[in-house]
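Architecture at a glance
Here is what each chain is made of, one letter per residue.
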Amino acid sequence: MPRKYADQDKLQQLLSRSYEASIDKYVTKNADYIDDDLEPFIVQLYTLAKTLDEKNASNAQTSGTLTQEWRMTMKELHSMVLKEKERQEAAKLAAELEAYVDPDEEALGDFI
C-alpha cells in the first residue's frame, strides 16, 4: 500500500492547538452574547481544559469522562449563547418594526 503524504504544516497547526485556546477563541468571537450568568460555565471549561491540555502535552491517557464533561459543558454554553444571540436579534427586529411607519396609516392619519 502506498504511503500517504502528510502536510507537515497542517500537522504542526493541529499539534499547536489546545483546549484553552479554543475557549479563548470562542469567548472572543461571542463576547457580545456572553454575560456574567455564563461565567460558571466558562470557569468550568477552563478548569477542564487545563487538565486536558496537561494530559495531552504529556501524552497521558485522558479519561472519557473528562472529555465528555468538557463536551457537555461546551454544548450547554453554546446553546445558551445561541439563545442570547436570537434574543438580541429579535429585540433588534422588534425595535426596527416599532420605528417603521406604515405608509397607509400615515396617509389616512386620523381617519383610522
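Just above, that's the structure.
Once that is clear, we can look at the packing of helix α3 (residues 39-57) against helix α4 (residues 64-99). Relative to each other, α3 and α4 sit at 145°, their axes nearing to 10 Å. Note on packing geometry: the crossing formed by α3 with α4 is left-handed. For the pair α3 and α4, contact is made by Phe41, Ile42, Gln44, Leu45, Leu48, Ala49, Thr51, Leu52 and Lys55 and by Leu66, Thr67, Glu69, Trp70, Thr73, Met74, Glu76, Leu77 and Met80, respectively. Across the contact of α3 with α4, the residue classes tally to 11 nonpolar, four polar and three charged.

Turning next to the nonpolar core. Inside soluble globular proteins, nonpolar side chains tend to come together where they are buried. Membership of the largest hydrophobic core comes to 15 residues, with the highest contact counts inside it found for Leu45, Trp70, Leu77 and Val81. Listing elements by their share of this core, those giving two or more residues are α2 (19-29), α3 and α4. Contacts of Trp70, omitting those with residues within four sequence positions, involve Tyr19, Ser22, Ile23, Leu45, Leu48, Ala49 and Leu52.

The full count for this structure, using the stated rule, is one salt bridge. Here Glu84 and Arg87 are joined by a salt bridge, their closest N and O atoms 2.8 Å apart. Separated by three residues within a single helix, Glu84 and Arg87 lie in helix α4, roughly one turn from each other. What makes Arg87 partly exposed here is its relative accessible area of 48%.

Procedures and definitions
- One numbering rule holds for all chains: residues counted from 1, following each sequence as written.
- Restriction of local features to residues with pLDDT of at least 70 applies here, the model being predicted, together with a cutoff of 80 or more for giving and counting side-chain atom pairs; totals for whole chains, interfaces and linings are based on all residues.
- For side-chain calculations, the full set of non-hydrogen atoms in the structure is used, while hydrogens and water are omitted.
- For every element, the axis is a line fit to its C-alpha atoms; helices are fit only across the contacting stretch, and the angle between N-to-C directions ranges from 0 to 180 degrees.
- Here a strand is any run of E in DSSP of at least two residues, a helix any run of H or I of at least four, and the numbering for each starts at the N terminus.
- Should the near helix be turned anticlockwise from the far one by less than a right angle, the crossing is left-handed, and should it be turned clockwise, the crossing is right-handed.
- It only takes one pair of heavy atoms within 4.5 Å for two residues to be counted as in contact.
- Charged residues are taken to be Asp, Glu, Lys and Arg, nonpolar residues to be Ala, Val, Leu, Ile, Met, Phe, Trp, Tyr, Cys and Pro, and polar residues to be all remaining types, Gly included.
- The nonpolar core is taken to be a set of buried Ala, Val, Leu, Ile, Met, Phe, Trp, Tyr and Cys residues, with the residues joined through side-chain atoms within 4.5 Å.
- Relative accessibility under 20% of the residue-type maximum defines a buried residue, over 50% an exposed one, and the middle range a partly exposed one, all with a 1.4 Å probe and only protein chains included.
- By salt bridge we mean one thing: a side-chain nitrogen of Lys or Arg within 4 Å of a carboxyl oxygen of Asp or Glu.

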